[in-house]
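Okay, here's what each chain looks like letter by letter:
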Amino acid sequence: MDKPSIPSRRIGLSNIPNFQVWMVALRGAIDLVAAAVGQGLGLLVWLILDKSVPLGIPDHSFELFAVNEILALLCLALFRL
């Protein structure tokens with residue numbers, strides 16, 4: 001006697017609604033955080049190594065940071081990364 005077939009439920013990440021959209025957003029956020037950390041470390045190294053620069057955050061650093069993050073987003077979109 002054959003057992004009645006039970007419909008199999010697929011369990012996994014790919015069954016989450018809008019999973020692909022969430023993954024694209026997460027990858028974009030991770031890339032932006034990595035770019036921000038890289039910029040921060042670069043600024044820190046520059047302040048430590050260049051003794052002619054007074055300690056403190058230089059003028060217009062926030063604007064440069066914002067422009068770099070926007071450029072990173074544009075590059076991600078342009079190259080479909």
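Figured I'd write up the structure that's included with this text.

Definitions and cut-offs
- Residues numbered from 1 in each chain as written.
- Predicted model: local features only at pLDDT ≥ 70, side-chain atom pairs only at ≥ 80, totals over all residues.
- Heavy atoms only, no water.
- Helix = DSSP H or I, 4+ residues; strand = E, 2+ residues; numbered from the N terminus.
- Buried < 20%, exposed > 50% of the residue type's maximum accessible area, 1.4 Å probe, protein only.
- Areas by Shrake-Rupley, 256 points an atom, 1.4 Å probe, with all protein chains shown as cover.
- Patch = residues over 30% accessible without salt bridge, like charges linked within 9 Å, V, L, I, M, F, W, Y side chains within 5 Å.
- Salt bridge = Lys/Arg side-chain N within 4 Å of Asp/Glu carboxyl O.
- Axes fitted to C-alpha atoms, helices over the stretch in contact; angles between N-to-C directions.
- Left-handed = near helix turned anticlockwise from the far one by under 90°.
- Contact = heavy atoms within 4.5 Å.
- Nonpolar A, V, L, I, M, F, W, Y, C, P; charged D, E, K, R; others polar.
- Lys, Arg positive; Asp, Glu negative; His and termini not counted.
- Expected span 1.5 Å × (residues − 1).

**Some points on the overall build of the protein**
Alright, step 1. The helix and strand tally for the protein stands at two helices and zero strands.
Alright, step 2. For the protein, with 81 residues in total, the buried portion stands at 7%.
Alright, step 3. Of the roughly 7600 Å² that the protein leaves accessible, carbon and sulfur atoms contribute 71%.

**Quick notes on a nonpolar patch on the surface**
Alright, step 1. A cluster of nonpolar side chains, contributed by Val33, Val37, Leu41, Leu44, Val45, Ile48 and Leu49, occupies part of the molecular surface with about 660 Å² of accessible area.
Alright, step 2. Among the secondary structure elements, valine 45 is positioned in helix α1 (residues 19-49).

**Notes on the packing of α1 against helix α2 (residues 61-78)**
Alright, step 1. The contact between α1 and α2 brings their axes to 10 Å, and the two run at 145°. Between α1 and α2 lies a crossing whose hand is right-handed. Of the residues in α2, those touching α1 at Asp31, Leu32, Ala35, Ala36 and Gln39 are Leu64, Phe65, Asn68, Glu69, Ala72, Leu73 and Leu76.
Alright, step 2. The class makeup of the residues in the contact of α1 with α2 is eight nonpolar, two polar and two charged.

**Looking at the environment of leucine 32**
Alright, step 1. Residue placement: leucine 32 occurs in helix α1.
Alright, step 2. Exposure remark for leucine 32: the relative accessible area of 22% places this residue in the partly exposed category.
Alright, step 3. For the pair leucine 32 and isoleucine 70, spaced 38 residues apart in the sequence, the C-alpha separation amounts to 9.3 Å.
Alright, step 4. Ignoring anything within four residues of it in the chain, the contact list for leucine 32 reads Glu69, Ala72 and Leu73.

**So, the side chain of glutamate 69**
Alright, step 1. Topologically, glutamate 69 is positioned in helix α2.
Alright, step 2. Comment: no salt bridge for buried glutamate 69; closest opposite-charge side chain is arginine 27, at 16 Å.
Alright, step 3. If we skip the residues at most four places from it in the chain, glutamate 69 touches Leu32, Ala35, Ala36 and Gln39.

**Quick word on α1**
Alright, step 1. Over its 31 residues, α1 extends 45 Å from the first C-alpha to the last, a length consistent with the 45 Å expected when each residue adds 1.5 Å.
Alright, step 2. Every buried residue of α1 is listed here: Phe19, Gly28 and Leu47.

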